Amino acid sequence: MVSAVADEISSSIKVGATIISVAASISKKDLSIYFNGSRIVRIMPNTPVKTCNGFISVVETENKVVENGVVELLKRVGMVKVIKEEQIHAYNAMAGCSPAFMYILIEAMSDAGVIMGIDRKTSIEMAAQVFKGSGAMVLESGKHPAQLKDGVCTPGGLTIKGVEVLEEKSLRSGLIESIIASYNKSIESEKK
């Protein structure tokens, strides 16, 4: 669709204009073919930008004034990281796709709550708040997630028993593999 949209709007774009692209599979080089004479900034936000809690990757540009302006604008909706273009596929998988994986985990946790007798609304709120609070702990403490996990696990306690089951069920490796699969699909989609 990019070429069709570019054909439709390119005559309306002034030379030197800044084009910000969220097209996941189109490189800056390819975009510059469609928008010759424009400054291209390739970004990839994730859906939590809707609540100003997103993560936005910005591909570095030759024009640091434009890049800095885009970064400052995007900081209003989440955390921004300037990256090299060859890193975009990894960032697409980690930040762009992972919210879906987190929603699955929240849904599964809320299902467990319902099984134990907690109403669905409260169970979803509890699971979502646990993710929000745990994420804040990682970001604000600067500690490795393993340290924070160990801080919750007491010897022979409830939490370590649950961690044992997660390891038996391969949650960790399943999550890693899902992100790698998304990464590979991102690479494949740009080659088309």
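This text gives an overview of the structure that appears in the document. None of the values given here were measured: they were computed from a predicted structure.

### Examining the overall build of the chain
The helix and strand inventory of the chain stands at eight helices and four strands. For the chain, the α and β elements follow one another from N to C terminus as α-β-α-β-β-α-β-α-α-α-α-α. Taken over C-alpha atoms, the radius of gyration comes to 21 Å for the chain, far larger than the 16 Å a tight globule of 192 residues would show. Seen through its C-alpha atoms, the chain measures out along the principal axes to roughly 65 × 30 × 30 Å. Looking at the 192 residues of the chain, the share that counts as buried comes to 27%. Considering only residue pairs separated by 6 or more positions, the chain has 48% of its internal contacts joining residues 24 or more positions apart. In the structure as shown, the chain presents an accessible area of about 12600 Å², 62% of it carried by carbon and sulfur atoms. Of the charged side chains in the chain, 22 are positive and 21 negative, and the gap between their average positions amounts to 4 Å.

### Some details on the side chain of Ser182
Structurally, Ser182 can be placed in helix 8 (residues 171-191). Those residues within four positions of Ser182 in sequence are excluded, and the remaining contacts are Ala93, Cys97 and Phe101.

### Some words on the nonpolar core
Core analysis: the largest hydrophobic core is formed by nine residues, namely Val41, Ile43, Ile56, Val58, Val66, Val70, Val71, Leu74 and Val80. Mapped onto this core, the elements with two or more residues apiece are strand 2 (39-45), strand 3 (54-59) and helix 3 (64-74). Residue contributions to this core peak at four residues, all from helix 3. Counting residues in each nonpolar core, the second largest holds seven residues, with Ile19, Ile26, Leu31 and Ile40 among its members.

### A short note on the packing of helix 4 (residues 88-115) against helix 5 (residues 120-141)
With their axes 8 Å apart at the nearest point, helix 4 and helix 5 run at an angle of 135° to one another. Overall, the two elements helix 4 and helix 5 adopt an arrangement that is oblique. Remark: the crossing between helix 4 and helix 5 carries right-handed chirality. On helix 5, the residues that touch Met102, Leu105, Ile106, Glu107, Met109, Ser110, Asp111, Gly113 and Val114 of helix 4 are Arg120, Ser123, Ile124, Ala127, Ala128, Val130 and Phe131.

### Brief notes about unusual backbone geometry
For Cys52, which is not glycine, the phi torsion reads 60° and is therefore positive. Judged by relative accessible area, which is 45%, Cys52 ranks as partly exposed. At Ser170, a position not held by glycine, the phi torsion is positive, near 60°. Here Ser170 shows up in the loop between helix 7 (158-168) and helix 8.

### What to know about the packing of aromatic side chains
Counted according to the given criterion, the structure contains one aromatic pair. Arranged with centres 6.2 Å apart and planes meeting at 20°, the rings of Phe55 and Tyr91 form a pair that is stacked. Of the two residues, Phe55 sits in strand 3 while Tyr91 sits in helix 4, which places them 36 residues apart along the sequence.

### Thoughts on the sheet that holds strand 3
Reading across from one edge, 1-2-3-4 is the order of the four strands in this open sheet, with mixed pairing throughout. At either end of the open sheet lies a strand with only one pairing partner, and these are strand 1 (18-21) and strand 4 (78-83). Here the average twist between neighbouring strands, direction ignored, is 25°. Pairing analysis gives six bridges linking strand 3 to strand 4, with the strands arranged parallel. When the bridges of strand 4 are listed, Phe55 appears paired with Met79. In the packing of helix 4 onto the sheet, contacts are made with strand 2, strand 3 and strand 4, and the angle to strand 3 comes to roughly 175°.

### Concerning the pattern of salt bridges
All told, the structure shown has twelve salt bridges when counted by the stated rule. Ionic pairing is found between Glu62 and Lys28, a salt bridge with its closest N-O pair at 3.8 Å. Taken together, the residues Glu62 in the loop between strand 3 and helix 3 and Lys28 in helix 2 (residues 28-34) connect sequence positions 34 residues apart. Given the relative accessible area of 11%, Lys28 is considered buried. Where Lys64 meets Glu67, a salt bridge forms, and the shortest distance between an N and an O atom there is 3.1 Å. With a gap of three residues between them, Lys64 and Glu67 both fall in helix 3, about one helical turn apart. Judged by its relative accessible area of 41%, Lys64 is partly exposed. Classification of Glu67 as buried rests on a relative accessible area of 6%. Within this structure, Arg42, Glu85 and Glu190 form a network of salt bridges that share partners.

Reading the values: the criteria
Residues numbered from 1 in each chain as written. Predicted model: local features only at pLDDT ≥ 70, side-chain atom pairs only at ≥ 80, totals over all residues. Heavy atoms only, no water. Helix = DSSP H or I, 4+ residues; strand = E, 2+ residues; numbered from the N terminus. Rg over C-alpha atoms; globule rule 2.2 N^0.38 Å. Buried < 20%, exposed > 50% of the residue type's maximum accessible area, 1.4 Å probe, protein only. Contact = heavy atoms within 4.5 Å. Areas by Shrake-Rupley, 256 points an atom, 1.4 Å probe, with all protein chains shown as cover. Lys, Arg positive; Asp, Glu negative; His and termini not counted. Charge placed at Lys NZ, Arg CZ, Asp CG, Glu CD. Core = buried A, V, L, I, M, F, W, Y, C linked by side-chain atoms within 4.5 Å. Axes fitted to C-alpha atoms, helices over the stretch in contact; angles between N-to-C directions. Parallel < 35°, antiparallel > 145°, perpendicular 65-115°, else oblique. Left-handed = near helix turned anticlockwise from the far one by under 90°. Phe/Tyr/Trp six-rings, centres within 6.5 Å; stacked < 30°, edge-to-face > 60°. Pairing = 2+ DSSP bridges. Salt bridge = Lys/Arg side-chain N within 4 Å of Asp/Glu carboxyl O.

Just geometry here; none of it tells us what the structure is for.
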